[in-house]
Amino acid sequence: VSVDPPPLISLLTDFGLTDGYVGAMKGVILGITPHARIVDLSHEVPPQDVAAGAFILGRAYPYFSAATIHVAVVDPGVGSNRRPILLRCARGTFIGPDNGIFEAVLATEPDVEAYELNAPAYWLPQISTTFHGRDVFAPSAAHLAGGVPPTRLGRRVPLDTLVRLPHPEPRRGAEAVYGQIIYVDHFGNAVSNIPAAWVDALGPRAGLEVVLGPLRLRGVHATYADVLPGEPLALVASAGLLEVAIRDGNAARGLGVRDGDRLECHGESA
Amino acid sequence: VSVDPPPLISLLTDFGLTDGYVGAMKGVILGITPHARIVDLSHEVPPQDVAAGAFILGRAYPYFSAATIHVAVVDPGVGSNRRPILLRCARGTFIGPDNGIFEAVLATEPDVEAYELNAPAYWLPQISTTFHGRDVFAPSAAHLAGGVPPTRLGRRVPLDTLVRLPHPEPRRGAEAVYGQIIYVDHFGNAVSNIPAAWVDALGPRAGLEVVLGPLRLRGVHATYADVLPGEPLALVASAGLLEVAIRDGNAARGLGVRDGDRLECHGESA
Amino acid sequence: VSVDPPPLISLLTDFGLTDGYVGAMKGVILGITPHARIVDLSHEVPPQDVAAGAFILGRAYPYFSAATIHVAVVDPGVGSNRRPILLRCARGTFIGPDNGIFEAVLATEPDVEAYELNAPAYWLPQISTTFHGRDVFAPSAAHLAGGVPPTRLGRRVPLDTLVRLPHPEPRRGAEAVYGQIIYVDHFGNAVSNIPAAWVDALGPRAGLEVVLGPLRLRGVHATYADVLPGEPLALVASAGLLEVAIRDGNAARGLGVRDGDRLECHGESA
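Since this is a predicted model, take the numbers as computed values, not measurements.

Section: the pattern of salt bridges
No. 1: Applying the stated rule across the entire model yields 39 salt bridges over all chains.
No. 2: Here Arg91 of chain B ties to Glu109 of chain B by a salt bridge, and the two come within 3.7 Å at their closest N and O atoms. Taken as a pair, Arg91 of chain B in the loop between strand S4 (84-89) and strand S5 (92-97) and Glu109 of chain B in the loop between helix H3 (103-108) and strand S6 (113-117) lie far apart in primary sequence, 18 residues in all.
No. 3: On the basis of relative accessibility, which here comes to 8%, the residue Glu109 of chain B falls in the buried class.
No. 4: Salt bridges here are not isolated pairs; linked through shared partners, they connect Glu209, Arg216 and Arg218 of chain A.

Thoughts on the interface of chain A and chain C
No. 1: Counting residues at the interface gives 32 residues for chain A and 34 residues for chain C.
No. 2: Both sides of the chain A and chain C interface together cover about 2,500 Å² of buried area, and 59% of this is carbon and sulfur.
No. 3: Put simply, chain A and chain C have zero salt bridges between them.
No. 4: The interface formed by chain A and chain C contains 15 residue pairs in polar contact (both at pLDDT 80 or more).
No. 5: Among the elements of the structure, strand S2 (37-42), helix H2 (50-60), strand S9 (176-184) and strand S14 (232-236) of chain A are those that each provide at least two residues to the side of chain A that touches chain C.
No. 6: Residues of the side of chain A that touches chain C, tallied by class, amount to 20 nonpolar, six polar and six charged.

Considerations on the relation of the copies chain A and chain C
No. 1: The transform that puts chain A on chain C rotates by 120° and translates by 0.0 Å along the axis, for an RMSD of 0.0 Å. Here the transformation between the copies is reduced to the relation of a three-fold axis.

Comments concerning empty space enclosed by the protein
No. 1: Enumeration over the complete set of coordinates arrives at six cavities of 30 Å³ or more.
No. 2: If you add up the space inside the largest cavity, you get close to 790 Å³.
No. 3: For the largest cavity, the lining is made up of 49 residues, of which Asp40 of chain A, Lys26 and Asp40 of chain B together with Lys26 and Asp40 of chain C are closest to its centre.
No. 4: Residue composition of the lining of the largest cavity, grouped by class: 21 nonpolar, 17 polar and eleven charged.

Re the interface of chain B and chain A
No. 1: Listed by partner, the interface residues are 32 residues for chain B and 34 residues for chain A.
No. 2: Around 2,500 Å² of area is buried between chain B and chain A when both sides are counted, 59% of it from carbon and sulfur atoms.
No. 3: Ranking the residues of chain B by area buried against chain A places Tyr63, His186 and Phe187 of chain B at the top, with a combined share of 25%.
No. 4: At the boundary of chain B and chain A, one finds zero salt bridges.
No. 5: Counting only elements with at least two residues in the side of chain B that touches chain A, the list comes to strand S2 (37-42), helix H2 (50-60), strand S9 (176-184) and strand S14 (232-236) of chain B.
No. 6: Here the side of chain B that touches chain A gets five residues from one element, more than from any other, and that element is S2 of chain B.

What to know about the packing of aromatic side chains
No. 1: Throughout the structure, instances matching the rule amount to 21 aromatic pairs over all chains.
No. 2: Measuring from centroid to centroid gives 6.3 Å for Phe15 of chain A and Phe187 of chain B, while their planes differ by 70°, and the two rings are edge-to-face. Taken together, the residues span two chains, with Phe15 of chain A in the loop between strand S1 (8-13) and helix H1 (21-32) and Phe187 of chain B in the loop between S9 and strand S10 (190-195). In terms of burial, Phe15 of chain A and Phe187 of chain B fall into one category: buried.
No. 3: With 5.4 Å between their ring centres and 90° between their planes, Phe15 of chain C and Phe131 of chain C make a pair best called edge-to-face. Of the two residues, Phe15 of chain C sits in the loop between strand S1 (8-13) and helix H1 (21-32) while Phe131 of chain C sits in the loop between strand S6 (113-117) and helix H4 (132-145), which places them 116 residues apart along the sequence.

Some details on the sheet that holds S2 of chain B
No. 1: Pairing is mixed across the open sheet formed by seven strands, whose spatial order is S2-S1-S3-S5-S4-S6-S7 (chain B). Both outer strands of the open sheet, S2 and strand S7 (154-157) of chain B, are each paired with one neighbouring strand and no more. The sheet shows a mean angle of 25° between the axes of neighbouring strands, taken without regard to direction.
No. 2: Here five bridges tie strand S1 (residues 8-13) of chain B to strand S3 (residues 69-73) of chain B, and the two strands are oriented parallel to one another. The residue of S3 of chain B that forms the bridge with Leu12 of chain B is Ala72 of chain B.
No. 3: Together, S1 and S2 of chain B form the strand contacts of H1 of chain A, whose direction differs from that of S2 of chain B by roughly 150°.
No. 4: In the packing of helix H1 (residues 21-32) of chain B onto the sheet, contacts are made with S1, S2 and S3 of chain B, and the angle to S1 of chain B comes to roughly 155°.

Quick notes on the rules
- Residues numbered from 1 in each chain as written.
- Chains lettered and ligands numbered in written order.
- Predicted model: local features only at pLDDT ≥ 70, side-chain atom pairs only at ≥ 80, totals over all residues.
- Heavy atoms only, no water.
- Salt bridge = Lys/Arg side-chain N within 4 Å of Asp/Glu carboxyl O.
- Helix = DSSP H or I, 4+ residues; strand = E, 2+ residues; numbered from the N terminus.
- Buried < 20%, exposed > 50% of the residue type's maximum accessible area, 1.4 Å probe, protein only.
- Contact = heavy atoms within 4.5 Å.
- Buried area = accessible area lost by both parts, 1.4 Å probe.
- Polar contact = N/O pair within 3.5 Å; in protein donor to acceptor, adjacent residues only side chain to side chain.
- Nonpolar A, V, L, I, M, F, W, Y, C, P; charged D, E, K, R; others polar.
- Least-squares fit on C-alpha atoms with pLDDT ≥ 70 in both.
- 1 Å grid on protein atoms, 1.4 Å probe; cavity = no way out; pocket = protein on both sides within 12 Å on 5 of 7 lines; lining within 4 Å.
- Points joined across faces, edges and corners; volume = space filled by probe spheres on them.
- Phe/Tyr/Trp six-rings, centres within 6.5 Å; stacked < 30°, edge-to-face > 60°.
- Pairing = 2+ DSSP bridges.
- Axes fitted to C-alpha atoms, helices over the stretch in contact; angles between N-to-C directions.

This is how it looks when you write it as structure tokens:
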């Protein structure tokens, strides 16, 4: 028999994996749409850190099929008047609070339709004031996965009414680009907001100099193994952004790098 | 084609996610019943903490369909004479050691059938003395998911032979209720054993006073956003129990709250 | 309808669960082969610790069906000239870097076919220099799960060209065996490289003595509950290896045991 691919739902939260909160969301989803597939993106977003959640989601969603429903719940305003929303675009569908968690989608995707979820018939019968991930977002995603169209789950709202997340923009000069560290990952690699194209516009990578506080790194590398174990390096890694790392080590710990630190990349001086 | 929903198995353990123990359980399950679905409830139960496991399971299982098989393995007595059991009730089926891990089920569900697992034909061929999650409970759950009835996996045992977990009961007076913190979650929210109904019997929530050590909190709130960021609050949250939290913060760290701390809720004094 | 079991892919990495890297791998897999099943073995392998990854994989893979595809990516040499490989044997198929991560497979399985992955048509269109888990290994596994044979994903290479992992061998004398701690798990149990058969060759377990630094433990036990809570013990546990543990406690913390510590087991002296 030839069958359609099962609907796919991804989950991103700051709930952690200890307390069973994520499990309850999955129980709700599979109770409504038993054949849905569920993939975890992350449940270790730092508590209430909407910007980190938006960054993680932004890097991961392009690797999913366009049919995927991404549920993202980093939701410090749960139970207040912040809106529950659904976004649909060519690259996927997104469900969660209207608080900036979908910033990467809104900043990147050309044609986004936005809906405010307003149909309690598709939520759990009892809605708590503190756990809309379980009571509102999970069942909405499950019904969508089961075939209910967005127009029945919510009402269209204008894009310009959505909450946007301020994010630091890099600057470029003639002979240098200036940015900052925006994310530190599990390996201690410090990712900046400077895109690879800006780096390359400065000249051949081997001749560039990356400045991070007192540290001056010669050259922009392609991978960790370009330097000796324990050595720091600048590289353009899998996110397409300029990063600082230590080969086989932890740059965040070893160099004391953290979110918000300035990073500069200079072209070869004459 | 119209097909039955695939059987669903949830897993709760104190095995952590590092060592591959949970992966081995899933390998065993899918080797026996390849179309089973598996959902993780938690594998970060504090080691050997049966009470914490029972609490997490008790809060999560009501959100799963009644056809779900919940495997819970927090099992410090593994390899001793503690019995392996299966419980079946209207809200689900439960498999694990007879050590109190199913306390919430036994305390809540009206009609529970209990079985002692006694059919090695449905276990792995080799049974270790230290990993019954993999060797006994996972294969039993998989065979149940594949259609083997409980009566073939075990023999009925009387409910009053099961190990029960002592748990602190809250007390109520005319103008106050007295309980204690029974669980601290990932966010540092401190959950008490005082049910919402007891709180509400004291009068309108805005006029109540919650006492936690030297701290006196005015009012019982509905959600975190009712107070300013960084402020402590008492609230009735998603578990239907009185909790103490700090908005956008961690009450366990910020207030030094921990399991066992006394919590009181007083009605408005005249 | 009777259908084949869905293809099963297991994942083991050192990526952690915070950053969405594992989620991206799953998105890639399910975009290519939507009906594949995915199980996590571990994503908490210590960063760049190929030996720990090899140990975890080696203990878990025998519990999976032989049709399983195990993807293992602990890959400090990503982007260098280390080869991407596929191993096939009677117990499973394995995909990852040629850096020793499959040491347990190569040391255990009798008939292994090795392939170097060399068919970019089955990789992502854009290959980063730092994330072959997502760009090379995940799509290769997905295509294999979807029916593409190994011979199209790669070219056969001789087994003796594969990178092997040095690992400490235990030694045996007439009245004692000498080994070392090779893994400390989530519970703080310290697993040695001394196999149960060597222990048993020394005499009845009750009369043996296990020496770990200044600690002398009388008897080799079957399970934790053989001693009182808080007491240390030696036992042969689920991996079939001699371990040191503390009942209801953490031997690594309580005894200061760590990887590489010497462990001896002595027969009863006359």
